[in-house]
Structure formats: structure tokens, C-alpha cells
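# Residue-level structural notes
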Amino acid sequence: MKLCPHCRSDLIERNNFYWVKIPIAIILLFIPFGFFICWVPFVISGDYECKNCRRSFTNAKEVDWREFEKMKQS
Ligand SMILES: [Zn+2]
């Protein structure tokens, strides 16, 4: 499972930025040979956003659910 590196909350959401990527892809379609690279914005992975502390980050903390149970108890 993935956790926020700032507050260790599991309320994180993937931010895919489709509202940015789709217009970029459309613009690329209009340039010569743009259709060869219009898929590039979709390959770049999105950031994560924490719903608890409202911070965004690229690398979510990957934690095993057993470790997460231990963290909650301590
Ligand atoms: Zn957070």
C-alpha cells in the first residue's frame, strides 16, 4: 500500500493531470509528425496528492499492510 511521505496518511490520490495532457496531445496532433509523439504526455506518470495534508509528491511511500498496522498501534 502507498502512504503519504509527509504525514503517513493512506488518503492519497493519484493526480493524472488529464486536463493538461489531453490539450497537449491535441496540439501535438496539429504539428507535422506530431501524431508520433502525441502519446508521450500519457506515458509520463502523474503525481500523488494527499487528501489529509494537501501536499503533492511524486514518490509515494510504499509500505506493507502489516507494517502499516504496526505504525497505527505505535
Ligand atoms: Zn499527507
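Up top is the structure.
I will try to describe carefully the structure that is included in this document. (Residues numbered from 1 in each chain as written. Predicted model: local features only at pLDDT ≥ 70, side-chain atom pairs only at ≥ 80, totals over all residues. Heavy atoms only, no water.)

### Describing the side chain of S9
Its location among the elements puts S9 in the loop between β1 (2-3) and β2 (12-15). A relative accessible area of 9% means that S9 is categorised as buried. Apart from the residues within four sequence positions on either side, S9 is in contact with L3, C4, C50 and N52. (Helix = DSSP H or I, 4+ residues; strand = E, 2+ residues; numbered from the N terminus. Buried < 20%, exposed > 50% of the residue type's maximum accessible area, 1.4 Å probe, protein only. Contact = heavy atoms within 4.5 Å.)

### A short note on the coordination of the zinc ion
Protein-derived coordination of the zinc ion comes from C4 (SG), C7 (SG), C50 (SG) and C53 (SG), at a distance range of 2.2 to 2.3 Å. Coordination geometry of the zinc ion: the 4 donor atoms subtend angles of 105 to 115° at the metal centre, consistent with an arrangement described as tetrahedral. Along the chain, the residues that donate to the zinc ion are spaced as C-x2-C-x42-C-x2-C. With C7 in the loop between β1 and β2 and C50 in strand β3 (residues 47-50), this residue pair connects regions lying 43 residues apart in the sequence. Classification of C7 by relative accessible area gives partly exposed; the value is 30%. According to the relative accessible area criterion, C50 is buried, its value standing at 0%. (Donors = N, O, S within 2.8 Å, 3.2 Å for Na, K, Ca; no water. Tetrahedral: all angles 85-135°; square planar, octahedral: opposite > 155°, others 65-115°.)

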